[in-house]
Amino acid sequence: MNKSKKNWAAAVAASAALCGVLSLYQAGNAAPRGEPPFSNPAEQRLDQINYLSQISDLLKEQNRLLKEQNALLSSGKLQVVVTLPEK
């Protein structure tokens, strides 16, 4: 093969590859315009702070109940009554 035929073959191959790549391009459905997918970052932070505050309150309540339970158990004044269900 002479040089001009090789150049034409390379040009045809490059054109075919370029057409193949460009055929994959789509003007698809990206995120729609308008309403953003997430709320305002400041609102998100406030929601997280409120949620963590609620969890903190629950943990404080559990800690208080555990201290009360431990005080009862260590006092020795706790009586356990077990009753069996009737058959």
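Residues numbered from 1 in each chain as written. Predicted model: local features only at pLDDT ≥ 70, side-chain atom pairs only at ≥ 80, totals over all residues. Heavy atoms only, no water.

**Student:** Is there a simple way to explain the environment of Phe 38 in this structure?
**Tutor:** As for its placement among the helices and strands, Phe 38 is situated in the loop between α1 (3–23) and α2 (41–75). Look at Phe 38 and you get exposed, because its relative accessible area is 61%. The spatial distance from the C-alpha of Phe 38 to the C-alpha of Ser 74 is 51 Å, given a sequence separation of 36 residues. (Helix = DSSP H or I, 4+ residues; strand = E, 2+ residues; numbered from the N terminus. Buried < 20%, exposed > 50% of the residue type's maximum accessible area, 1.4 Å probe, protein only.)

**Student:** In this structure, what is going on with a nonpolar patch on the surface? I would like to understand it.
**Tutor:** Residues Leu 72, Leu 73, Leu 78, Val 80, Val 82 and Leu 84 make up a contiguous nonpolar surface patch of about 670 Å² in total accessible area. Mapped onto the fold, Val 80 is located in the segment after α2. Accessibility expressed as a relative area gives 69% for Val 80, which makes it exposed. (Patch = residues over 30% accessible without salt bridge, like charges linked within 9 Å, V, L, I, M, F, W, Y side chains within 5 Å. Areas by Shrake-Rupley, 256 points an atom, 1.4 Å probe, with all protein chains shown as cover. Salt bridge = Lys/Arg side-chain N within 4 Å of Asp/Glu carboxyl O.)

**Student:** Any chance you could explain α2 here in plain terms?
**Tutor:** Because an α-helix completes one turn every 3.6 residues, residues spaced three or four positions apart along the sequence face the same direction. Between the first and last C-alpha of α2 there are 51 Å, a value that for 35 residues agrees with the 51 Å anticipated at 1.5 Å per step. The N-capping residue of α2, defined by a side-chain oxygen 2.9 Å from the backbone nitrogen of Ala 42, is Asn 40. Of the residues trailing α2, Gly 76 is marked for its positive phi of about 80°. (Expected span 1.5 Å × (residues − 1). Polar contact = N/O pair within 3.5 Å; in protein donor to acceptor, adjacent residues only side chain to side chain.)

**Student:** Explanation requested: the pattern of salt bridges in the structure shown.
**Tutor:** Working definition: two side chains of opposite charge can pair if their charged atoms are close together. Under the criterion given, the structure shown has two salt bridges. A salt bridge links Arg 64 to Glu 68; the shortest N-O distance between them is 3.4 Å. Linking Arg 64 with Glu 68, this pair stays in helix α2, spanning four residues, or about one helical turn. When salt bridges that share partners are traced, they join Glu 61, Arg 64 and Glu 68 into one network.

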